[in-house]
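Per-entry structural report
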Number of protein chains: 2
Amino acid sequence: MEKKEQSTNQNRIMLTVSYDGTNYSGWAYQENVPTIEGALNAAIKELTGEELQVIGASRTDAGVHAYGNLAVFDTKSTIPPDRFMYALNPHLPKDIRIVKSQKVAPDFHPRHCDTIKTYEYHVLNTDYEVPVKRNYTYHFGMKLDIDKMNQAAKYFEGEHDFTSFCNVESQALTHVRTVYEVNVRREQEEVIITVKGAGFLYNMVRIMSGTLLQIGRGKGEPSDIKTILEAKDRTKAGPTAPAQGLFLIQYEFPSGIPE
Amino acid sequence: MEKKEQSTNQNRIMLTVSYDGTNYSGWAYQENVPTIEGALNAAIKELTGEELQVIGASRTDAGVHAYGNLAVFDTKSTIPPDRFMYALNPHLPKDIRIVKSQKVAPDFHPRHCDTIKTYEYHVLNTDYEVPVKRNYTYHFGMKLDIDKMNQAAKYFEGEHDFTSFCNVESQALTHVRTVYEVNVRREQEEVIITVKGAGFLYNMVRIMSGTLLQIGRGKGEPSDIKTILEAKDRTKAGPTAPAQGLFLIQYEFPSGIPE
């Protein structure tokens, strides 16, 4: 199953990665702490013998989860690209699984291409805490007005300067981003905020979620989102909702994936 | 908030306990290993100074979760019974929460009274594993026929000798139990088996679930459940489904709770 033969041809492979972020200090590699990138690099080395660093699509924070983050790397391994996932999974801890592997163009870069990213923010809207959900939701006990949250959500849609919804430590050259869709729904005891966009700033979905929760509990009006966006001032928005409620759901490629 | 004064009156208090069983060796106290009972005893000692052992309603296995297990104990504490939960929660780890506390009659025993217990068994019915669900579902990749599972489930309902669906190490005096309702539903990527009954034998819900999964994947027919029950032979039933898919949902008291 594990082939270590090398061919003269090199393949660029993209992995779709699902993980439970609870026990990781985020995606980005750091020495001596568990990271998703570190675990992927180590698993590939075990499998193919190649010492490399995968390129991640989204460098998620500590505690954030993913159903479909992306990792790209070049390999001389002769394992067929679509079978790579089956070869790699036994080398990964149980809280990281590759759910798809495929060949992409040699110059493909997951952060420099046209994608639609979908995030979900999960709120546990109950009086009491629920232990089995503690690492996968943000417990918020106050009554939430979902209609009002959805009205507020509409103000995020479109191209805006998201400075007010961005961690002040952001080093992005521009804070203008395009959000395609934001909606809020109740699903049993959870309230789920779905955000689709072309790209996001540091902590952007968590600050958007924290602000929607304030409006949902009656602190402010839906149209405040417009005012907060225009202020371009982080202090005008709500708190950053905690990491464990955030899920990176998927990347879509509206213009296809270059092969 | 924490009152340690003692009154001459003693109260019997019942706690409704929600927990994530992942990091525990089950409910029942064992020395030097983490157990739910051990954590409750220690928290009560911290809060009231009383050295005691709570009486559990269901001694769940390692890895099994609960939304509403019950624990009963006597205390001289003057904390009002319905406020006990708020006083106790800060002394418990985050993966155990008291969601209700109430006074019960001095001779009330949670295993010697008329109750309806509800369990759910959660199956993750996807091609690939999902890391965030690994501790809360049993991953079963094969296609499942839910209609057939529901037909099979009906054969469990009523009063039967459940010897075939009981761990051979059971020390129960009789294996006759009454099951009120068993049903199977699909909810997104999960298949959920709900079982309601007056009482259950050791591993009974997990063996019932393992057997329903065999029938659901086409190994056997719904009426086999009748034959297996009649055989009174553990080897005739399916495998014991793994612990992490099992949730003790709630206890109901059809004749009320004696106060």
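Residues numbered from 1 in each chain as written. Chains lettered and ligands numbered in written order. Predicted model: local features only at pLDDT ≥ 70, side-chain atom pairs only at ≥ 80, totals over all residues. Heavy atoms only, no water.

Examining the layout of surface pockets
Residues and elements named next belong to chain A. Roughly 1200 Å³ of internal volume is contained in the largest pocket. For the lining of the largest pocket, the element with the highest residue contribution is strand 10 (residues 246–252), accounting for 4 residues. Its residues assigned to classes, the lining of the largest pocket shows 17 nonpolar, 9 polar and 13 charged. (1 Å grid on protein atoms, 1.4 Å probe; cavity = no way out; pocket = protein on both sides within 12 Å on 5 of 7 lines; lining within 4 Å. Points joined across faces, edges and corners; volume = space filled by probe spheres on them. Helix = DSSP H or I, 4+ residues; strand = E, 2+ residues; numbered from the N terminus. Nonpolar A, V, L, I, M, F, W, Y, C, P; charged D, E, K, R; others polar.)

Considerations on unusual backbone geometry
The residue Gln188 of chain A is not glycine, and still its phi comes out positive at about 50°. Turning to its location among the elements, Gln188 of chain A is positioned in the loop between strand 8 (176–187) and strand 9 (190–197). Its relative accessible area of 61% is what places Gln188 of chain A among the exposed residues. Located in the positive-phi region is Asn32 of chain B, a residue other than glycine, with phi close to 65°. Judged by its relative accessible area of 77%, Asn32 of chain B falls in the exposed class. (Buried < 20%, exposed > 50% of the residue type's maximum accessible area, 1.4 Å probe, protein only.)

Some words on the relation of the copies chain A and chain B
For the pair of chain copies, the relating transformation is a rotation about an axis with a translation along it. By a simple turn and slide, chain A fits onto chain B: the slide is 0.0 Å along the axis, the RMSD is 0.0 Å, and the turn is 180°. Here the copies are linked by what is in effect a two-fold axis. The share of interface residues of chain A whose copies in chain B are also at the interface is 100%, consistent with both copies meeting through the same surface. (Least-squares fit on C-alpha atoms with pLDDT ≥ 70 in both. Contact = heavy atoms within 4.5 Å.)

Observations regarding the interface of chain A and chain B
Between chain A and chain B, the residue contacts involve 23 residues of the former and 23 residues of the latter. Note on chain A versus chain B: buried area summed over both sides is about 1800 Å², and carbon and sulfur give 57% of it. When the buried area of chain A at its contact with chain B is split by residue, Pro131, Val132 and Arg134 of chain A rank highest and sum to 31% of it. For the pair chain A and chain B, the number of links is 8 salt bridges. Between Asp95 of chain A and Arg134 of chain B there is a salt bridge, with its nearest N and O atoms 4.0 Å apart. Our count for the contact surface shared by chain A and chain B stands at 6 residue pairs in polar contact (both at pLDDT 80 or more). When residues of the side of chain A that touches chain B are traced back to their parent elements, those giving at least two are strand 1 (6–19), strand 3 (65–77) and strand 4 (96–104) of chain A. (Buried area = accessible area lost by both parts, 1.4 Å probe. Salt bridge = Lys/Arg side-chain N within 4 Å of Asp/Glu carboxyl O. Polar contact = N/O pair within 3.5 Å; in protein donor to acceptor, adjacent residues only side chain to side chain.)

Quick look at the environment of Arg97 of chain A
With respect to the helices and strands, the residue Arg97 of chain A is situated in strand 4. For Arg97 of chain A, a relative accessible area of 8% puts it in the buried group. Those residues in contact with Arg97 of chain A, other than ones at most four positions away along the chain, are Thr16, Val17, Ser18, Asn89 and Leu92 of chain A together with Glu129 and Pro131 of chain B. Only 3.2 Å separates the side chain of Arg97 of chain A from the backbone oxygen of Asn89 of chain A, close enough to count as a polar contact. At 3.1 Å, the side chain of Arg97 of chain A and the backbone oxygen of Pro93 of chain A are in polar contact.

Brief notes about the pairing of strand 9 (residues 190–197) of chain B
Residue and element names in this part refer to chain B. With respect to burial, strand 9 is a largely interior element, 7 of its 8 residues being buried. Bridging between strand 5 (residues 116–124) and strand 9 involves 8 bridges; their strand directions are antiparallel. Residue Thr118 lies in a different strand from strand 9, and its bridge partner there is Lys196. Sheet topology note: the strand 8 (residues 176–187)/strand 9 ladder contains 8 bridges and is antiparallel. Across the sheet, residue Val179 finds its bridge partner in strand 9, namely Gly197. The loop that links strand 8 with its antiparallel partner strand 9 comprises 2 residues; one of these, Gln188, has a positive phi angle of about 50°. (Pairing = 2+ DSSP bridges.)

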